[in-house]
Amino acid sequence: MKNRGYYGNYGGAFLPEILVATFDELEQAFENIKTDPGFWNDYEALMSSYSCRPTPLTFAGNLTREFGGAKIYIKREDLNHTGAHKINNVMGQGLLVQQMGKKRVIAETGAGQHGVATATMAAKFGFDCTIYMGEVDVARQRPNVFWMEQLGATVVPVKTGTRILKDAINEAFRDWVSHMDTTHYVLGTACGPHPFPEMVAYFQSIIGTEARQQILAREGCLPKRVYACVGGGSNAMGLFSGFLDDPVELVGVEAGGKGITSGQHASRLSSKEASPGIAQGYKTYFLQDDDGQMRETHSISAGLDYVGVSPILSHMQDQGTARFESATDMEVVAALKLTLRKEGIIPALESAHAFARAFKEAPSLSPEDAIIINQSGRGDKDIFTVADAVNDPKWKEFIIGKAAEYNA
Amino acid sequence: MLEAYIKERRKSRDILLMTHIVMGYPSFEDSFDIVTQMVEAGVDLMELQIPFSDPMADGPVILTANQNALERGSTVQRCFEFAQAVSTRFYIPFLFMSYANILYKYGFDRFSDKMDQVNLKGAIVPDLPPEEGDDYIRAMKRNTLDPIYIFSPETSDERLAYVSSFASGFVYCMARKGVTGRETAFSEDLATYLSRCRHATALPLAVGFGVKEKADVDYLKGKADIAVIGSQTIRIVEENGVAAAGDFIHSLL
Ligand SMILES: Cc1ncc(COP(=O)(O)O)c(C=O)c1O
């Protein structure tokens with residue numbers, strides 16, 4: 001362990017001894033590609049031919065008029081192949097796995113987007129693939145489970161702990177400590193031991209680099225604020241990376257769940273309820289009790305339902321270089337409905353957190369200002385959750401009818 | 001001092017036994033009962049695990065025990081009280097085993113002061129490698145407590161030497177890759193690895209992960225100083241009840 005990857009007080013590599021050699025190898029491989037100019041070209045070429053990059057920056061004229069403040073732009077990560085920003089990281093790590101000569105990939109997944117992206121990459125590159133997913137998430141994201149399995153991956157429902165994202169990460173680590181010779185763990189967000197936070201942010205920076213060029217081309221000036229939802233922090237880091245040296249306010253939006261006072265949320269940086277801790281191999285703000293036991297989290301969106309957060313964002317919070325807010329489940333569903341009606345765009349429930357906050361702030365900005373919302377993914381995957389949230393009777397009829405067909 | 005204790009005890013014994021429990025599983029009363037039987041059956045050292053919500057290095061058996069203990073109200077405070085109770089009652093060395101966050105949250109200094117106060121001798125913290133351990137090591141050494149470090153079959157010779165430079169008491173050698181509670185092949189490879197470990201340090205060697213019956217313990221004689229029984233005691237207690245713990249230890253000797 002040469003470089004341990006600290007961002008102020010956060011980050012590090014709190015590794016069990018058995019994984020130290022594997023991380024040394026990974027860090028070396030990552031250093032090699034970072035200094036190889038050909039690698040990024042290969043990566044961009046792959047992403048433009050396989051995943052619709054550069055993704056568009058869409059001007060949301062109707063929403064802009066609706067709020068009567070800043071001009072609202074949407075960065076369309078939903079138009080990526082597999083429907084979310086997760087593929088940016090996954091294809092990058094896939095190229096890395098090819099270079100390392102490993103033949104099997106494993107991943108955790110919450111919403112299932114990262115799992116689908118990893119299964120897709122594995123199919124394309126010819127790797128064996130196992131996805132760990134909390135039992136609760138398997139139940140709420142069945143369409144993604146279906147596709148992962150169709151893509152040839154084995155999906156393992158995780159029945160331990162809180163049975164959501166963090167528990168899937170623990171299980172993936174347990175697999176890795178047994179099979180690191182053949183296997184690479186494709187961590188899905190900018191968390192975990194060094195070099196993962198840096199590496200995932202590196203691949204996701206393609207979002208911010210494009211967005212900066214696109215808004216300059218369109219508006220001739222930088223945006224006033226940019227908004228991204230924050231689960232582990234990878235789409236936020238991706239967007240923010242483009243504007244780190246600019247006078248642009250970076251706003252991360254966490255899951256407010258049923259409200260901060262309800263205790264049922266995943267607001268690590270925007271509430272006072274989290275504190276620094278060490279788990280899952282790194283140091284960051286965690287939602288934990290006084291003994292250091294991780295607490296249960298809640299969000300309507302599986303992808304934001306996580307106890308920790310990127311150490312890079314924790315550092316930005318301490319430094320005041322980014323601002324963190326939260327949006328409740330109810331606000332999120334309202335923002336989703338409005339975006340559908342006004343723009344014909346379906347944000348993922350995760351992404352809709354960024355929309356909800358931007359909608360709150362847009363009216364108080366000047367019509368001269370522009371803001372960018374990162375639409376990290378598309379909402380089709382959330383059809384069951386959204387149908388319940390909007391309480392659609394025809395959908396229920398359809399499901400009941402379908403169930404009757406299967407029962408017949 | 002663990003090192004001196006182990007070396008002294010080894011003069012009359014081919015191999016020592018260290019066992020492991022999760023404090024508060026199945027209950028604190030049962031935990032006490034299990035410790036009593038184990039000490040009476042001749043165990044030489046014991047690891048007392050403070051349960052953690054996310055025990056990354058543990059397999060299903062110990063993981064489930066951690067969860068159950070937490071659900072039944074095992075807290076760090078109660079674990080310290082338990083440790084004090086057993087270390088007052090029994091004259092073998094007790095160590096803590098837990099994950100970094102438990103110590104970090106408590107404060108490394110305060111944690112080691114408290115360990116010293118309740119007469120614990122050392123700690124095993126699998127997710128706190130020496131590179132991340134400055135504050136921990138300083139706090140432990142200040143109280144002359146031993147931070148127990150871990151060797152793995154994946155550890156290079158160079159790194160064995162590096163890790164050794166921080167170790168005191170004894171070194172914990174993982175017998176294989178993976179998490180706790182799975183089968184281990186007691187083979188030539190293991191012997192070769194253990195001789196690498198032996199070259200890297202003059203400290204006593206403990207071997208754990210997959211040690212579960214007399215044949216395994218016998219295999220380790222002459223190759224290591226301490227055989228560590230982890231998941232298997234939990235399994236035995238789950239299957240045959242608390243009263244089976246003592247007989248199980250007898251069966252290993
Ligand atoms: C569409 C979408 N957005 C956001 C996230 C949250 O992850 P991150 O904070 O790493 O971007 C997820 C995670 O599953 C997701 O699927």
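Bear in mind that the values here come from a model prediction, so they are computed numbers and not experimental data. (Residues numbered from 1 in each chain as written. Chains lettered and ligands numbered in written order. Predicted model: local features only at pLDDT ≥ 70, side-chain atom pairs only at ≥ 80, totals over all residues. Heavy atoms only, no water.)

Caption draft 1: Expanded view of the overall build of chain A. For chain A, the count of helices and strands is 15 helices and 14 strands. On C-alpha atoms alone, chain A measures out to a radius of gyration of 20 Å, which is about the 22 Å that the 2.2 N^0.38 rule sets for 408 residues. Principal-axis analysis of the C-alpha atoms places the extent of chain A at approximately 60 × 55 × 50 Å. In chain A, buried positions account for 64% of the 408 residues. Of the contacts formed within chain A by residues at least 6 apart in sequence, a portion of 73% connects residues at least 24 apart. Of the roughly 14300 Å² that chain A leaves accessible, carbon and sulfur atoms contribute 51%. Averaged over its 39 positive side-chain charges, chain A has a centre that lies 4 Å from the centre of its 48 negative ones. (Helix = DSSP H or I, 4+ residues; strand = E, 2+ residues; numbered from the N terminus. Rg over C-alpha atoms; globule rule 2.2 N^0.38 Å. Buried < 20%, exposed > 50% of the residue type's maximum accessible area, 1.4 Å probe, protein only. Contact = heavy atoms within 4.5 Å. Areas by Shrake-Rupley, 256 points an atom, 1.4 Å probe, with all protein chains shown as cover. Lys, Arg positive; Asp, Glu negative; His and termini not counted. Charge placed at Lys NZ, Arg CZ, Asp CG, Glu CD.)

Caption draft 2: Looking closely at the overall build of chain B. Counting its secondary structure elements, chain B contains 12 helices and 8 strands. Here the C-alpha radius of gyration of chain B, 17 Å, is about what a compact globule of 253 residues would show, namely 18 Å. C-alpha atoms of chain B, sized along the principal axes, occupy 45 × 40 × 35 Å. When each of the 253 residues of chain B is scored for burial, the buried share is 64%. Partitioning the intrachain contacts of chain B with sequence separation of at least 6 by distance along the chain shows that 73% fall at a separation of at least 24.

Caption draft 3: Summary view of the state of the cysteines. The tally for this structure, following the rule as stated, stands at 0 disulfides over all chains. C173 of chain B carries a free sulfur, and the closest cysteine sulfur to it, the one in C197 of chain B, is 3.8 Å from it. (Disulfide = S-S within 2.5 Å.)

Caption draft 4: Examining helix α11 (residues 311–319) of chain A more closely. Here α11 of chain A has its buried residues at P311, I312, L313, S314 and M316 of chain A. G320 of chain A lies just past α11 of chain A and shows a positive phi near 75°.

Caption draft 5: How the structure looks around the environment of T192 of chain B. All names here are of chain B. Along the chain, T192 falls in helix α9 (residues 188–200). For T192, a relative accessible area of 48% puts it in the partly exposed group. Each C-alpha atom of the pair T192 and S112 lies 36 Å from the other, and the pair is 80 residues apart in sequence.

Caption draft 6: Looking closely at unusual backbone geometry. The amide bond that connects R53 of chain A to the next residue, P54 of chain A, takes the cis arrangement and shows omega of -5°. By secondary structure assignment, the location of P54 of chain A is in the loop between α2 (37–50) and β3 (57–59). Following Y25 of chain B, the chain continues to P26 of chain B via a peptide bond in cis, the omega torsion being -5°. Relative to the elements of secondary structure, P26 of chain B occurs in the loop between β1 (16–22) and α2 (28–41). Here the phi dihedral of N391 of chain A falls at roughly 55°; this positive angle occurs in a residue that is not glycine. Here N391 of chain A is to be found in the loop between α14 (383–389) and α15 (393–407). Phi at N119 of chain B takes a positive value of approximately 70°, unusual for a residue other than glycine. Here N119 of chain B shows up in the loop between α6 (108–117) and β4 (122–124). The exposure class of N119 of chain B is partly exposed, given its relative accessible area of 37%.

Caption draft 7: Representation of the packing of aromatic side chains. Under the defined criterion, the tally for this structure stands at 37 aromatic pairs over all chains. Measuring from centroid to centroid gives 5.2 Å for F173 of chain A and Y185 of chain A, while their planes differ by 90°, and the two rings are edge-to-face. In this pair, F173 of chain A sits in helix α8 (residues 165–179) while Y185 of chain A sits in strand β8 (residues 183–185), placing the two residues 12 residues apart along the sequence. Looking at F173 of chain A, the relative accessible area reads 0%, which means it is buried. Look at Y185 of chain A and you get buried, because its relative accessible area is 0%. Through a chain of ring-to-ring contacts, three or more aromatic side chains come together here, namely F30, F39, W40, Y43, Y202 and F203 of chain A. For R110 of chain B, the ring lying beneath its charged end belongs to Y106 of chain B, and the centroid distance is 4.0 Å. Against the face of Y219 of chain B rests K223 of chain B, its NZ or CZ located 3.9 Å from the ring centre. (Phe/Tyr/Trp six-rings, centres within 6.5 Å; stacked < 30°, edge-to-face > 60°. Lys NZ or Arg CZ within 6 Å of the ring centre and 35° of its normal.)

Caption draft 8: A nonpolar patch on the surface, seen in detail. Together, F146, W147 and L151 of chain A make up an exposed nonpolar region whose accessible area comes to about 300 Å². Position of W147 of chain A among the secondary structure elements: in helix α7 (residues 142–150). (Patch = residues over 30% accessible without salt bridge, like charges linked within 9 Å, V, L, I, M, F, W, Y side chains within 5 Å. Salt bridge = Lys/Arg side-chain N within 4 Å of Asp/Glu carboxyl O.)

Caption draft 9: How the structure looks around the site of the ligand. Residue and element names in this part refer to chain A. T189, G231, G233, S234 and S376 are the nearest of the 18 residues found near the ligand. Residue H85 places a side-chain N or O atom 2.9 Å away from an oxygen atom belonging to the ligand. A total of 390 Å² of accessible area belongs to the ligand in isolation, and the protein chains cover 98% of it. When grouped by side-chain class, the residues that make up the shell around the ligand number 5 nonpolar, 11 polar and 2 charged. Shared between two domains, the shell around the ligand holds at least three residues of each, these being domain 1 (13–47 + 85–196) and domain 2 (53–83 + 205–389). (Near = heavy atom within 4 Å. Polar contact = N/O pair within 3.5 Å; in protein donor to acceptor, adjacent residues only side chain to side chain. Nonpolar A, V, L, I, M, F, W, Y, C, P; charged D, E, K, R; others polar. Domains from an automatic or database assignment.)

These figures come from the coordinates and say nothing about function on their own.
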